[in-house]
Amino acid sequence: MMQQRSIKVIKSIDIFRKITDLDAFKEIFSTEVYPAIVRIPGVIQVKLTSVTPLSTDLSQDVEGIELILEIYLESEEALDRIITSPEAQKAMQLANKLPGELSLFLGREETLSL
């Protein structure tokens, strides 16, 4: 039996729901928010995922979720430095301009190989 190898990553998980104007969201994100995110020291990857519910009986907490933004960081040790950087503060200010509700989470992802 092969031994599993684990890769651990730290990331910000930003969930957008009830987006009132998707075209405006995409414009603001691509021209203002994304460029600000990639200027944050320690950011190594950015993923934006649009989601469609498969369940018909969603709880109100998750109803209306449309996009999930994942911002991968270089290390947990650098997390405090990254979050308090002027670049991260600017990106958060810009993200608040996006038309919709935003919830932020910190993720510690572990990927196991097969």
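For the structure, check the block above.
Residues numbered from 1 in each chain as written. Predicted model: local features only at pLDDT ≥ 70, side-chain atom pairs only at ≥ 80, totals over all residues. Heavy atoms only, no water.

Things to note about the overall build of the chain
Phase 1 of the analysis: Within the chain, the regular secondary structure consists of three helices and four strands.
Phase 2 of the analysis: The order of α-helices and β-strands along the chain, N terminus first, is β-α-β-β-α-α-β.
Phase 3 of the analysis: With the C-alpha coordinates of the chain rotated into their principal frame, the extents come out at 50 × 40 × 20 Å.
Phase 4 of the analysis: Here the chain holds 114 residues, and 31% of them are scored as buried.
Phase 5 of the analysis: For the chain, the computed accessible surface area is about 7900 Å², with 53% contributed by carbon and sulfur atoms. (Helix = DSSP H or I, 4+ residues; strand = E, 2+ residues; numbered from the N terminus. Buried < 20%, exposed > 50% of the residue type's maximum accessible area, 1.4 Å probe, protein only. Areas by Shrake-Rupley, 256 points an atom, 1.4 Å probe, with all protein chains shown as cover.)

Side note on the layout of surface pockets
Phase 1 of the analysis: The calculated volume of the largest pocket comes to roughly 430 Å³.
Phase 2 of the analysis: Lining the largest pocket are 22 residues, and of these Ser12, Asp14, Ile71, Ile83 and Met92 sit closest to its centre.
Phase 3 of the analysis: Elements represented by at least two residues in the lining of the largest pocket include exactly strand E1 (6-17), helix H1 (22-38), strand E3 (65-73), helix H2 (79-83), helix H3 (86-95) and strand E4 (101-112).
Phase 4 of the analysis: No other element matches the five residues that H3 contributes to the lining of the largest pocket.
Phase 5 of the analysis: Here the lining of the largest pocket is built from residues that sort into 19 nonpolar, two polar and one charged. (1 Å grid on protein atoms, 1.4 Å probe; cavity = no way out; pocket = protein on both sides within 12 Å on 5 of 7 lines; lining within 4 Å. Points joined across faces, edges and corners; volume = space filled by probe spheres on them. Nonpolar A, V, L, I, M, F, W, Y, C, P; charged D, E, K, R; others polar.)

Let's talk about the pattern of salt bridges
Phase 1 of the analysis: One pass over the structure, following the stated rule, counts six salt bridges.
Phase 2 of the analysis: Of the charged contacts in the structure, one is a salt bridge between lysine 11 and glutamate 70, with a shortest N-O distance of 2.4 Å. Taken together, the residues span a long stretch of sequence, with lysine 11 in strand E1 and glutamate 70 in strand E3 at a distance of 59 residues.
Phase 3 of the analysis: When its relative accessible area of 6% is taken as the criterion, lysine 11 is described as buried.
Phase 4 of the analysis: Overall, the relative accessible area of 15% leaves glutamate 70 in the buried class.
Phase 5 of the analysis: When the shortest N-O distance is used, the salt bridge between arginine 17 and glutamate 101 registers 2.8 Å. Of this pair, arginine 17 sits in strand E1 while glutamate 101 sits in strand E4, placing them 84 residues apart in sequence.
Phase 6 of the analysis: Here the salt bridges do not stand alone but share partners, grouping Lys11, Glu70 and Glu109 into one network. (Salt bridge = Lys/Arg side-chain N within 4 Å of Asp/Glu carboxyl O.)

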